[in-house]
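The lines below spell out each chain.
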2 protein chains.
Amino acid sequence: MPAKSNPTTPQEEIAGAIESGVADRIVKVFREAHPADVADSLEQLDDDERGIVLDKIPQELFHELVEFLPTPNVEQHLDTLSAKEQLAVLDSMADDELVDLLQDLPDEDRPGYLAMLPLAKRVLLADLLKFPEHTAGGRMTTAYAKLDADLTVRQAIKNLSNIRDEAEILSRIFVVDRQNRILGKVLLRDLAFSKRDTPLADIMDSDQIAIQALADQEEAAQMIARYDMVALPVINDKNQLIGVITHDDAIEIIEEESTEDIERISGIGGDRGELSYLNTGVFQHFRRRFGWVLVLAFLAIISGVVLLKSEEVIKDFYILSLYMPMVVAAGGNTGSQAATMVIRAMSLGELTPAQFLRVVWKELRIGLVLGSLLGSCVGLQVYFLLPDAFNPQNLSLLKVGIVVGFSLAAQVASSTSIGATLPLLARACRLDPAVVASPAITTLVDVTGMIIYFGLAKVLLAM
Amino acid sequence: MPAKSNPTTPQEEIAGAIESGVADRIVKVFREAHPADVADSLEQLDDDERGIVLDKIPQELFHELVEFLPTPNVEQHLDTLSAKEQLAVLDSMADDELVDLLQDLPDEDRPGYLAMLPLAKRVLLADLLKFPEHTAGGRMTTAYAKLDADLTVRQAIKNLSNIRDEAEILSRIFVVDRQNRILGKVLLRDLAFSKRDTPLADIMDSDQIAIQALADQEEAAQMIARYDMVALPVINDKNQLIGVITHDDAIEIIEEESTEDIERISGIGGDRGELSYLNTGVFQHFRRRFGWVLVLAFLAIISGVVLLKSEEVIKDFYILSLYMPMVVAAGGNTGSQAATMVIRAMSLGELTPAQFLRVVWKELRIGLVLGSLLGSCVGLQVYFLLPDAFNPQNLSLLKVGIVVGFSLAAQVASSTSIGATLPLLARACRLDPAVVASPAITTLVDVTGMIIYFGLAKVLLAM
């Protein structure tokens, strides 16, 4: 092979191998690289290119990639495999990933894949598939380690060494009673360093923190973050241990939920899907954005009506146009700031709807301080610094300053309160607070801003 | 004690104990509860109340809380303690938390606390304090386990059992050469289950993934997320192992960075600080929001000037007011959507500035689809459904429909492109992309919207 400029990062090495198209080189590089990096490079390719590369690698290399590739990409390659190869792929997957894959499959493909699996696995999957996708149960894995409380350290180590490769996390081992209810946990380090005839009960702690299978996955992630856990046990309604959620799932959940918050706040709907931004098609992006754009456009007609009805006062006092966008924008900006603060605090578990009044009181004060300071700044600017060219009608700059300053203050104070209140109300009505946030608030406070501004102008300037 | 209604959650039990004010009950409940829950309840109190409760508990209980309390609360209680008690607190802290605390202390207090510590710890801290707070080095802990490559399993276990309580994560043990460079890692489970005379080299892997100490903490968190790691080793410029960042730090970093993104997108500046939303004072909240509010207000004057200059055409064609807010808002909404998508994709590590053209091309297409569909909907609404009351001048509805529809389409397409481009440009100039996002974009596209709208109206309606 001709000497290329020496690739430095693993990513570049992978990309180079893919580009070369040489099967041997691809296989060699893929074997040495971390599967997460390989999956990442494959994701960047279009579907045909990816298919060609995947056809060149041995099955067991594909098995390693499955965990890291987005489900749609896995599905696509599965379709091209023989039944035997398909079974081998499914068999190599951890049960939580297999559940995710099955959940994402088109309804007509699912039974076919399920039928391939051995009965025991089918029963297990049927149990897992019962839990909705965004619950703790829908997210858990059943590959964890548990021990009966009446064992000794020697027996415990013997039991564990049978399952050592299957259990995802051996650093947290749950100790259960005969009914499979959690009594506590034991650390692998304590097993490793204790005398072999010590009873398990002597070295276990009695930490029974666990989450109900039907609880929201976000709650599970928050618990893992809060208690710095490596694995959070999941229990059913009889308090029996049925699975665990691991720290890496928690990171994924937190990233997903943050992304969802950010997107909702900007008026982007629907599910993000597993594909990256660039690999999501134009139509799919369009679909997630058009809903709010259309709703908000027609909501903006209300502002239009107010503006139209105010044409008389604008015609009388020309200069009002100059500050109208500022009054409107200040409301939108401060309203979204307040909404964002409240939504994020709720997402981080800092706020409950019960603290409603404390939040509104706090935002009202913030709004008053923000509004009065902004109003004074701009009011003074009008009075002292307005070029004559902008005031052909020679209006009293004192009056204009007062109108602009006061309406800004009132607009900011009211927008801040509205921005803080709406997400709390939404949560109280069991809606996603982020959905009612920024864009909707911006559109609404446009109207209040114009009403305040033109109303005040009518009263004061006409005097 | 009189029987109260049975408290169910740990949180309620803690709150009940605090409320009772009875020292014995507080100590008992605090001892049984998880320190994260206790810290949470304490954080809800005001400073005086918290002081009273903390005075009632024994020192060793406070030591457990330190890790979970926000730094300002820890500082405050430290101030009330004797020098001996202060030293005991500092001594009980993990070195990464101690570094955080020292970094957050007012400059005049730091030397005093540092001077208390034994020399060896001072030297260690001086090393850690060299790294800026938001780098991998500033976030790492030095409490990790490492082993020389030439040991046997028996020697390894003996070495580890000496440090078992100090090493935060024993499930990942790094294997180093004589220069302290990482050769790979070994799992505690493999040590526990291997024959005692196996050489370490036989059971270690050769995974050398690590991060440079001066890299951004966000990069560290992304690596932990990407490779599903429990602990990421941190190396200096000589590739020597100097610390680790753990999975719980990764979660914290990801939450912090997401919060920062969300806040920047809504025009909230500065650092969030460690205190929760409700415990942050009105003035502190005000300070983080006022900057952008003021800047954006004065930027909005540009829109005002455009509007003022357009008064003539508005006077001629009254109806333009009705759709002006819609044209403006549609630009703001689609611009923020595009900006948010791009910013989030960059934060998740999906996009590099090198992919600039692919992003702009994608957003341009999305914008064209969004814009032409929205423009058609609204244009048709104007033509077919506009009540006569809104058209006193009896203008041609065909022309008005074309003006509104076309300017909406042009505004949405251009705003989407601007919204996608600005964050990429910001990143290329090494600015935080989120800072230039939504509010700034909204204000800018207001101007383009009005120019397009009134410009088109002047040409078409006057014909």
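Residues numbered from 1 in each chain as written. Chains lettered and ligands numbered in written order. Predicted model: local features only at pLDDT ≥ 70, side-chain atom pairs only at ≥ 80, totals over all residues. Heavy atoms only, no water.

**What about the interface of chain A and chain B?**
Then, in step 1: Taken together, the contact pairs 118 residues of chain A with 119 residues of chain B.
Then, in step 2: Surface buried jointly by chain A and chain B totals about 10600 Å² across both partners, of which 67% is contributed by carbon and sulfur atoms.
Then, in step 3: Across the contact surface, chain A and chain B share 6 salt bridges.
Then, in step 4: The closest approach of N and O atoms between Glu363 of chain A and Arg289 of chain B, which form a salt bridge, is 2.8 Å.
Then, in step 5: If you look at where chain A meets chain B, you find 33 residue pairs in polar contact (both at pLDDT 80 or more).
Then, in step 6: With 19 residues, helix H17 (residues 282–309) of chain A is the single largest residue contributor to the side of chain A that touches chain B.
Then, in step 7: Broken down by class, the residue content of the side of chain A that touches chain B amounts to 64 nonpolar, 28 polar and 26 charged. (Contact = heavy atoms within 4.5 Å. Buried area = accessible area lost by both parts, 1.4 Å probe. Salt bridge = Lys/Arg side-chain N within 4 Å of Asp/Glu carboxyl O. Polar contact = N/O pair within 3.5 Å; in protein donor to acceptor, adjacent residues only side chain to side chain. Helix = DSSP H or I, 4+ residues; strand = E, 2+ residues; numbered from the N terminus. Nonpolar A, V, L, I, M, F, W, Y, C, P; charged D, E, K, R; others polar.)

**As for the relation of the copies chain A and chain B**
Then, in step 1: For the pair chain A and chain B, the best superposition has an RMSD of 0.2 Å and corresponds to a rotation of 180° with a translation of 0.0 Å parallel to the axis. In short, the pair behaves as if placed about a two-fold rotation axis.
Then, in step 2: Looking at the interface residues of chain A, 100% of them are also at the interface in chain B, so both copies use one shared face. (Least-squares fit on C-alpha atoms with pLDDT ≥ 70 in both.)

**A short note on the packing of helix H16 (residues 247–265) of chain A against helix H19 (residues 320–347) of chain B**
Angle between the axes and distance between the axes: these two values describe a pair of packed helices.
Then, in step 1: Relative orientation of the contacting elements H16 of chain A and H19 of chain B amounts to 160°, with a least axis distance of 10 Å. Taken as axis vectors, H16 of chain A and H19 of chain B run roughly antiparallel relative to one another. Seen along the crossing, H16 of chain A lies across H19 of chain B with a hand that is right-handed. Between H16 of chain A and H19 of chain B, the residues in contact are Glu255, Ser258, Thr259, Ile262 and Glu263 of chain A and Thr340, Met341 and Arg344 of chain B, respectively. (Axes fitted to C-alpha atoms, helices over the stretch in contact; angles between N-to-C directions. Parallel < 35°, antiparallel > 145°, perpendicular 65-115°, else oblique. Left-handed = near helix turned anticlockwise from the far one by under 90°.)

**Observations regarding the sheet that holds strand S5 (residues 231–235) of chain B**
All names here are of chain B.
Then, in step 1: Strand order in the open sheet formed by 3 strands is S4-S5-S6, and the pairing between neighbours is mixed. Looking along the sheet, the strands with just one partner apiece sit at the ends: strand S4 (211–212) and strand S6 (241–246).
Then, in step 2: In terms of strand pairing, S4 meets S5 through 2 bridges, oriented parallel. Pairing of Ile211 across the sheet is with Val234, part of S5. (Pairing = 2+ DSSP bridges.)

**Structural notes on the environment of Thr340 of chain B**
Then, in step 1: Tracing the chain through its elements places Thr340 of chain B in helix H19.
Then, in step 2: It is 33 Å that separates the C-alpha atoms of Thr340 of chain B and Glu97 of chain B, two residues lying 243 residues apart in sequence.

**Regarding the nonpolar core**
Then, in step 1: Counting residues in hydrophobic clusters, the biggest one holds 114 residues, and the most contacted among them are Phe30, Leu42 and Ile57 of chain A together with Phe30, Leu42 and Ile57 of chain B.
Then, in step 2: Sequence-distant contacts of Leu42 of chain B, that is, excluding residues within four places in its chain, are made with Ile18, Phe30, Arg50, Val53, Leu54, Leu65 and Leu69 of chain B.
Then, in step 3: Of all hydrophobic cores here, the second largest spans 88 residues; its members include Val400, Val403 and Tyr453 of chain A together with Met324 of chain B. (Core = buried A, V, L, I, M, F, W, Y, C linked by side-chain atoms within 4.5 Å. Buried < 20%, exposed > 50% of the residue type's maximum accessible area, 1.4 Å probe, protein only.)

**Describing helix H6 (residues 71–79) of chain A**
Then, in step 1: Taken as a whole, H6 of chain A has its buried residues at Thr71, Asn73, Val74, Glu75, His77 and Leu78 of chain A.
Then, in step 2: Buried positions along H6 of chain A lie against helix H3 (35–44), helix H4 (47–56), helix H5 (59–66), helix H7 (83–92), helix H8 (95–104) and helix H9 (110–116) of chain A.

**A look at the packing of aromatic side chains**
Then, in step 1: All chains considered together, the criterion is met by 8 aromatic pairs over all chains.
Then, in step 2: The interplanar angle of 25° and the centroid separation of 5.2 Å between the aromatic rings of Phe286 of chain A and Phe290 of chain A together place this pair among those described as stacked. You can see Phe286 of chain A and its partner Phe290 of chain A sitting in helix H17, 4 residues apart, about one turn around the helix. Phe290 of chain A shares its class with Phe286 of chain A; the two are buried.
Then, in step 3: Taking 4.9 Å as the distance between ring centres and 75° as the angle between the ring planes, the aromatic pair formed by Tyr383 of chain B and Phe384 of chain B counts as edge-to-face.
Then, in step 4: Taking the relative accessible area as the measure of exposure, Tyr383 of chain B reaches 42% and is therefore partly exposed.
Then, in step 5: Cluster of aromatic residues (ring-pair linked, three or more members): Phe283, Phe286 and Phe290 of chain A. (Phe/Tyr/Trp six-rings, centres within 6.5 Å; stacked < 30°, edge-to-face > 60°.)

**Examining the side chain of Gln411 of chain A**
All names here are of chain A.
Then, in step 1: Along the chain, the position of Gln411 falls in helix H21 (residues 397–428).
Then, in step 2: For Gln411, the side chain forms a polar contact with the main-chain nitrogen of Gly449, separated by 3.2 Å.
Then, in step 3: Apart from the residues within four sequence positions on either side, Gln411 is in contact with Val327, Val328, Gly331, Val445, Thr448, Gly449 and Ile452.

**Let's talk about empty space enclosed by the protein**
Then, in step 1: Applying the stated criterion to the full structure yields 8 cavities of 30 Å³ or more.
Then, in step 2: The space that makes up the largest cavity amounts to roughly 600 Å³.
Then, in step 3: Residue lining of the largest cavity: 35 residues in total, with Gly332 and Thr442 of chain A together with Gly332, Asn333 and Thr442 of chain B positioned closest to the centre.
Then, in step 4: At the level of secondary structure, the elements contributing two or more residues to the lining of the largest cavity comprise H17, helix H19 (320–347) and helix H22 (438–461) of chain A together with H19 and helix H22 (438–461) of chain B.
Then, in step 5: Top element by residues in the lining of the largest cavity is H19 of chain B. It accounts for 8 residues. (1 Å grid on protein atoms, 1.4 Å probe; cavity = no way out; pocket = protein on both sides within 12 Å on 5 of 7 lines; lining within 4 Å. Points joined across faces, edges and corners; volume = space filled by probe spheres on them.)

**Structural notes on the confidence of the model for chain A**
All names here are of chain A.
Then, in step 1: Per-residue pLDDT for chain A has a mean of 88; in total, 96% of the residues score no lower than 70.
Then, in step 2: Every residue in residues 1–5 scores below 50 in pLDDT, and together they form 1 contact with partners more than four places removed in sequence or on other chains.
Then, in step 3: Scoring the predicted complex yields pTM 0.87 and, for the interface, ipTM 0.86. (pLDDT = per-residue confidence, 0-100.)

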